[in-house]
Amino acid sequence: MKKQSLMVAVLLATTTAFASETQIQGGQLWVNGEWQADGVTVAAPAALGGAGTVRSPQTTVTGTLAPGAAPGAVGALAFAGDLEFEPGGKYACDVGGAT
């Protein structure tokens, strides 16, 4: 799967699987369920977010990783596999409260 547009795509299904590497090259992809892929690349300026689980042997981020169920929401995004930030990769999170 290759996501290139500037639009936001949300995966809500319990399990979504792709039998090839996924490249997120533009816009935002939000995983709010379980997502399986043979490999995931998040290129700048794209973003990967959500409050689900990414099952991939390797997830490489040169764009932005932003956990949370939606932009601006607090939540956890889990990874079953290696997560690697390359130079320029960003981690964007929202903090709930001052304590």
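Keep in mind that what you see is a predicted model, and the values were worked out from it rather than measured.

1. A short note on a nonpolar patch on the surface
- Taken together, Leu83, Phe85 and Tyr91 make up a surface patch of nonpolar side chains, about 290 Å² in accessible area.
- Examined against the element boundaries, Phe85 turns out to sit in strand β11 (residues 78–85).

2. A few points about the side chain of Ser56
- Note that Ser56 resides in strand β9 (residues 53–61).
- At 3.5 Å, the side chain of Ser56 and the backbone nitrogen of Gly39 are in polar contact.
- At 2.9 Å, the side chain of Ser56 and the backbone oxygen of Gln58 are in polar contact.
- Residues within four places of Ser56 in sequence aside, it is in contact with Ala37, Asp38, Gly39, Val40, Ala80, Gly81 and Asp82.

3. With respect to the environment of Glu21
- Tracing the backbone through its elements, the reader meets Glu21 in strand β4 (residues 21–24).
- The sequence separation of Glu21 and Gln58 amounts to 37 residues, and the corresponding C-alpha distance is 9.6 Å.
- There is a polar contact of 2.8 Å between the side chain of Glu21 and the side chain of Thr41.

4. Notes on the nonpolar core
- Counting 13 residues, the largest nonpolar core has Ile24, Trp35, Val40, Val42 and Leu48 as the members making the most contacts within it.
- Looking at this core, the elements that each hand over two or more residues are β5 (28–31), β7 (39–42) and β9.
- Residue contacts for Leu48: discarding those within four places in its chain leaves Ile24, Leu29, Val31, Trp35, Val40, Val42, Thr59, Thr64, Leu65, Ala66, Leu77 and Phe79.

5. Some points on the pairing of β9
- When strand β6 (residues 34–36) meets β9, the two strands line up parallel, connected through three bridges. Pairing of Glu34 across the sheet is with Thr53, part of β9.
- In the sheet, β9 pairs with β11 via seven bridges, with the strands oriented parallel. If you follow Thr60 over to β11, its bridge partner there is Glu84.

Calculation notes
- By convention here, each chain's residues receive numbers from 1 onward along its written sequence.
- In view of the model being predicted, local features appear only for residues whose pLDDT reaches at least 70, and side-chain atom pairs are presented and counted only at 80 or more, with totals across whole chains, interfaces and linings using the full set of residues.
- As a convention, hydrogens and water are excluded, and side-chain values are obtained from all of the structure's heavy atoms.
- Residues enter a patch when their relative accessible area is above 30% and they make no salt bridge; the linking distance is 9 Å between like charges and 5 Å between nonpolar side chains (Val, Leu, Ile, Met, Phe, Trp, Tyr).
- Here the Shrake-Rupley method, with its probe set to 1.4 Å, supplies the accessible areas, and only the displayed protein chains count as covering residues.
- Put simply, a salt bridge is a Lys or Arg side-chain nitrogen that is within 4 Å of an Asp or Glu carboxyl oxygen.
- Comment: elements are numbered from the N terminus, with helices defined as DSSP H or I runs of at least four residues and strands as E runs of at least two.
- Here a polar contact means two N or O atoms within 3.5 Å. Within protein one must be a hydrogen donor candidate and the other an acceptor candidate, and residues neighboring in sequence count only if both atoms are side-chain atoms.
- Only heavy atoms enter the contact rule, under which two residues are in contact if any of them lie within 4.5 Å.
- Buried residues of nine kinds, namely Ala, Val, Leu, Ile, Met, Phe, Trp, Tyr and Cys, make up a nonpolar core once their side-chain atoms join them within 4.5 Å.
- Exposure categories follow from relative accessible area, calculated using a 1.4 Å probe and restricted to protein chains: below 20% of the type maximum is buried, above 50% is exposed, and the middle band is partly exposed.
- DSSP calls a pair of strands paired once it identifies at least 2 bridges connecting them.

Everything listed here is a matter of coordinates, which is why it stays silent on function.
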